[in-house]
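These are the residues of each chain, in order.
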Amino acid sequence: MPIKYDSKEMVFNIQTKNTSYVIGALNGKYLLHLYYGKIINAYGRIDDNMPTGEGCVWSGADIDGFNYSTNTLPMEYPTYGSADYRTPAFHAEYEGGSAVTRFEYAGHEIFSGKRKLDNLPATYTEADGEADTLEITLCDKLTGLEIVLSYTAFTEHDAIAKNVRVKNNGRGRINIRSILSSTTYLFDKRFELVHLTGAWASERHIQRMPLINGMISVDSKRVSSSHNSSPFLALARPETTETQGEVYGLSLVYSGNFIAQAETDYQDIVRINMGINPFGFNWLLESGEEFQAPEVILTYSQNGFGGMSGIYHKLYRTCLCRGKYRDKERPVLINNWEATYYNFNEESIVNIAKKAKSLGVELMVLDDGWFGRRDSDTCSLGDWTADKRKLPNGLEGLAKKITDMGMKFGLWLEPEMVSEDSELYRKHADWCIHINGRPRTTGRNQLVLDLSRQDVCDYIVEAVSNILSSAPISYVKWDMNRNITEIGSAKLPAERQQELPHRYMLGLYNVLERITSAFPDVLFEGCSGGGGRFDAGMLYYFPQYWTSDNTDAIERLYTQHGTSMVMPASSMGAHVSAVPNHQVHRTTPLETRGNIAMAGQFGYELDLAALNDEETETVKGQIKKYKYIRETVHRGDMYRLKSPFEGNTAAWEYVYKEQVVLIYCTVQASLLGGLTCVKLVQLDETAQYRDIETGKVYDGNYLMNVGLYFSRNKDYESKLIVLERS
Ligand code: DGJ
């Protein structure tokens, strides 16, 4: 049992293989965060180890009978209203107007396995031995409020899953203004904060900055985790590199408004908070009701950012992604979007599929434009019936032609949206998110359906289910192309309007659960104008995600590198597109476009019929190669060897069983030519590895210490090397 309880000192030591997360009840009542880091056997007495509080002069020694003040103590679940003036995890208003809460320890339970979260995505176990869970109950005596803090320690992963649920045991109604999922501390501030930022077509670029006294806050208010920010933080020592040094990671399993903060106080103690963004959040909790906050996954590693990412990759690939495709190889696909945009018909799609099939592609995906009268993005979202002008034999006719060729057929959908110019909107104008009397701002000419409404959710489930039952569809690209404005629902009472952002997420998760469990054989790929909602919450429903609308191979180096801080390669959709690239107009070699796309779930997004003979042969070779390495990319351990953010090159390594894949790319040539040396990692030093293309044999020891040299003579030149242990 990796969760140890010292009943005399009331201290809990939550252990994973290499880490300990320690909390304890001071004076039997006040739950403190005592330690998180490398595994320790025992913590001892809280009183002996916690310095008595400075600062009591100004804020009061509000912990009874002690010289302590919440002003200075690391409260494990801080509330508003005490002498703790840092940002609280919990803030609620009670009937009568008081907004003060004071939690005290009321009991705990330790059990094998992990409980499922109600209607929220979360990591899971398949057998009890895979994890142990500690649940600590805290109570506010005055109001009857009860809060349960849950901690799961995974046996095989150095990760701790935390979540919080609150139960209103009092007689009155409570208005929750803030309920964060995790508070932790660093006891010195010599750390740097790393997060992922970006915009449409440039998602998840790595940012690294020193902590300051004061607050660094990363958030989203878009009702989507968004292109611009990611629900992820890392805190690392200034000297931490990819392979060495301390790093703490926090990843929120949620896809809506979030906040992640590092608040450094005058004692140089850093409070790290993460959870649903209190901005734009409010929740009325009736007597007897419960509220469940989403899960945060904490990691600690002394092996640098690579160590942290490795933990997330494995955990998310095996204990967050679900369904048939979690482990199963994913098909190589062709998507017609950048080949045709809206301008296609059955014949042109069949022609693309024929050529694709001859090259080894396994899945033909029909993107946007197949329904209603959708010749542009101005209409038809919501009218999910095939456009007979383009598809005279309907979806079924087209899908049959594709499957008769021996390929799978996949389809694009954007079920959360409605166009103003659509039958659905003409019938149900109140089904979209809006505020009466205000203009309905459109984004990409569309409005967002109100997923806080059960009738709207039911409509989406029915519409999508009808489509998926109407034809042999084995793949869905679930898109979502705008953020929400004028947040208001025609159905919610005035006092619950501010619940809409979270209710939207709950509605969406419910819809996704119903659809994905009704169609277990369908492979779902998430998408949000590219990687706009590519977060851990979505991975629970979609084992892969379209990483970015930017398909330029060089731009993808940055986005895929940043995405890999948390997300496994198995989850990143990556396609080869035409040149000049449609987003940035850059021309890169076909070989490089292929090599960079092979770092994820591989596909093409161009008119294959327009390839010349040489290109056709290259593509054939790429597909053959990808099929040979795909298990390694999907299930292997991934290591970032060179960062495009730090230099002019990128290199990634994947290791699975006896196979090693190395992808290298030069961003820009160096004026003086020159060489880059890439040292491989995590090989068997005593083994030999054979380059399957050249036949050259290397010692593991050589590859890890001398490394492989690549020239930097040409812009955008790349190599994909496959080594096999002999
Ligand atoms: C945005 C997606 O990211 C694209 O790949 C494509 O599917 C378009 N939407 C279609 O409208």
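Structure's up top.
Residues numbered from 1 in each chain as written. Predicted model: local features only at pLDDT ≥ 70, side-chain atom pairs only at ≥ 80, totals over all residues. Heavy atoms only, no water.

**Q** What should I look at first to understand the layout of surface pockets in this one?
**A** There is about 500 Å³ of room inside the second largest pocket. Around the second largest pocket, the lining comprises 33 residues; the ones closest to its centre are Asp118, Asn119, Glu290, Gln292 and Leu506. Sorting the residues of the lining of the second largest pocket by element identifies strand S7 (131-140), strand S8 (145-154), strand S9 (159-168), strand S18 (283-285), strand S19 (290-292), helix H8 (454-470) and helix H9 (500-518) as the ones contributing at least two each. Broken down by class, the residue content of the lining of the second largest pocket amounts to 10 nonpolar, 11 polar and 12 charged. (1 Å grid on protein atoms, 1.4 Å probe; cavity = no way out; pocket = protein on both sides within 12 Å on 5 of 7 lines; lining within 4 Å. Points joined across faces, edges and corners; volume = space filled by probe spheres on them. Helix = DSSP H or I, 4+ residues; strand = E, 2+ residues; numbered from the N terminus. Nonpolar A, V, L, I, M, F, W, Y, C, P; charged D, E, K, R; others polar.)

**Q** It is not clear to me how the pattern of salt bridges should be interpreted in this structure. Could you clarify?
**A** Think of it this way: side chains of opposite charge can pair up when their charged atoms draw near. Applying the stated criterion across every chain, the model contains 57 salt bridges. One salt bridge in this structure joins Arg630 and Glu329, with 3.5 Å as the shortest N-O distance. Remark: Glu329 occurs in the loop between helix H3 (304-319) and strand S21 (333-335) and Arg630 occurs in helix H13 (residues 613-635); sequence separation between them is 301 residues. Arg630 gets classed as buried once you look at its relative accessible area, which sits at 7%. For Lys400, the salt bridge is made with Asp404, and the minimal N-O distance between the two is 3.0 Å. With Lys400 and Asp404 both in helix H6 (residues 394-404) and 4 residues apart, the pair spans about one turn of that helix. Judged by relative accessible area, Lys400 falls into the partly exposed class, the value being 49%. Looking at Asp404, the relative accessible area reads 58%, which means it is exposed. Residues joined by salt bridges that share partners form a network here, namely Arg173, Glu286, Glu495, Arg496, Glu499 and Arg503. (Salt bridge = Lys/Arg side-chain N within 4 Å of Asp/Glu carboxyl O. Buried < 20%, exposed > 50% of the residue type's maximum accessible area, 1.4 Å probe, protein only.)

**Q** When you look at H6 in this model, what are you seeing that I'm missing?
**A** Note that an α-helix has 3.6 residues per turn; residues three or four places apart therefore point the same way. Considered for burial, the residues of H6 that qualify are Gly394, Leu395, Gly397, Leu398, Ala399 and Ile402. Tucked inside the fold, the buried residues of H6 contact helix H5 (346-359), strand S22 (363-366), strand S23 (408-413) and H8. Immediately downstream of H6, the backbone of Gly406 shows phi near 95°, a positive value. (Contact = heavy atoms within 4.5 Å.)

**Q** It is not clear to me how the site of the ligand should be interpreted in this structure. Could you clarify?
**A** Looking at the ligand, there are 13 residues lining it, with Asp367, Asp368, Lys477, Asp479 and Asp549 nearest. Within the side chain of Asn481, a nitrogen or oxygen atom sits 3.5 Å from a nitrogen atom of the ligand. Within the contact set of the ligand, an oxygen atom lies 3.4 Å away from a side-chain nitrogen or oxygen of Trp546. Protein contacts shield 98% of the accessible area of the ligand, which totals 290 Å² for the unbound molecule. The residue inventory of the shell around the ligand, partitioned by class, reads 4 nonpolar, 3 polar and 6 charged. (Near = heavy atom within 4 Å. Polar contact = N/O pair within 3.5 Å; in protein donor to acceptor, adjacent residues only side chain to side chain. Areas by Shrake-Rupley, 256 points an atom, 1.4 Å probe, with all protein chains shown as cover.)

**Q** Hey, could you run me through the sheet that holds strand S31 (residues 637-642) in this one?
**A** Hydrogen bonding along the main chain pairs the strands of a sheet, whether they run parallel or antiparallel. In space, the 6 strands of this open sheet follow the order S31-S32-S33-S38-S35-S36, with antiparallel pairing throughout. Strand pairing shows two members of the sheet lacking a second neighbour, S31 and strand S36 (697-699), which therefore form its edges. When the angles between neighbouring strand axes are averaged without regard to direction, this sheet yields 25°. Here strand S33 (residues 659-666) pairs with strand S38 (residues 718-725) via 7 bridges, running antiparallel. If you follow Gln659 over to S38, its bridge partner there is Glu724. Helix-sheet contacts for helix H11 (residues 553-563) involve S31, strand S32 (649-656) and S33, and the interaxial angle to S32 is about 55°. (Pairing = 2+ DSSP bridges. Axes fitted to C-alpha atoms, helices over the stretch in contact; angles between N-to-C directions.)

**Q** Before we go on, may I ask you to explain the packing of aromatic side chains in this structure?
**A** Aromatic ring pairs are defined here through the distance separating the ring centres and the angle between the ring planes. Counted by the stated rule, this structure contains 31 aromatic pairs. Ring pairs connect the aromatic residues Tyr21, Tyr36, Tyr151, Phe191, Tyr248 and Tyr300, which therefore count as one cluster. Positioned above the aromatic ring of Phe344, the side-chain terminus of Lys390 is 5.0 Å from the ring centre. One residue, Arg556, lies across the ring of Trp546, its end atom 4.7 Å from the ring centre. (Phe/Tyr/Trp six-rings, centres within 6.5 Å; stacked < 30°, edge-to-face > 60°. Lys NZ or Arg CZ within 6 Å of the ring centre and 35° of its normal.)

**Q** Just checking my understanding: could you explain empty space enclosed by the protein for this structure?
**A** Take a probe with the size of a water molecule and roll it over the atoms, and the empty space left behind shows itself. This model, assessed by the stated rule, comprises 7 cavities of 30 Å³ or more. Quantified by volume, the largest cavity comes out at close to 170 Å³. Along the walls of the second largest cavity sit 13 residues, with Ser230, Phe232, Phe534, Val566 and Met567 positioned nearest its centre. Within the lining of the second largest cavity, the residues separate by chemical class into 8 nonpolar, 3 polar and 2 charged.

**Q** Before we go on, may I ask you to explain the packing of H11 against helix H12 (residues 590-597) in this structure?
**A** A pair of packed helices is characterised by two quantities: the angle between their axes and the separation of those axes. At a minimum axis separation of 9 Å, H11 and H12 run at an interaxial angle of 20°. Between H11 and H12, the interaxial angle falls into the category roughly parallel. Judged by the twist between their axes, the crossing of H11 over H12 is left-handed. Residue-level inspection shows Ala553, Arg556, Leu557 and Gln560 of H11 in contact with H12, the latter providing Thr592, Arg593 and Ile596. The class makeup of the residues in the contact of H11 with H12 is 3 nonpolar, 2 polar and 2 charged. (Parallel < 35°, antiparallel > 145°, perpendicular 65-115°, else oblique. Left-handed = near helix turned anticlockwise from the far one by under 90°.)

Any link to function would need more than the numbers given here.
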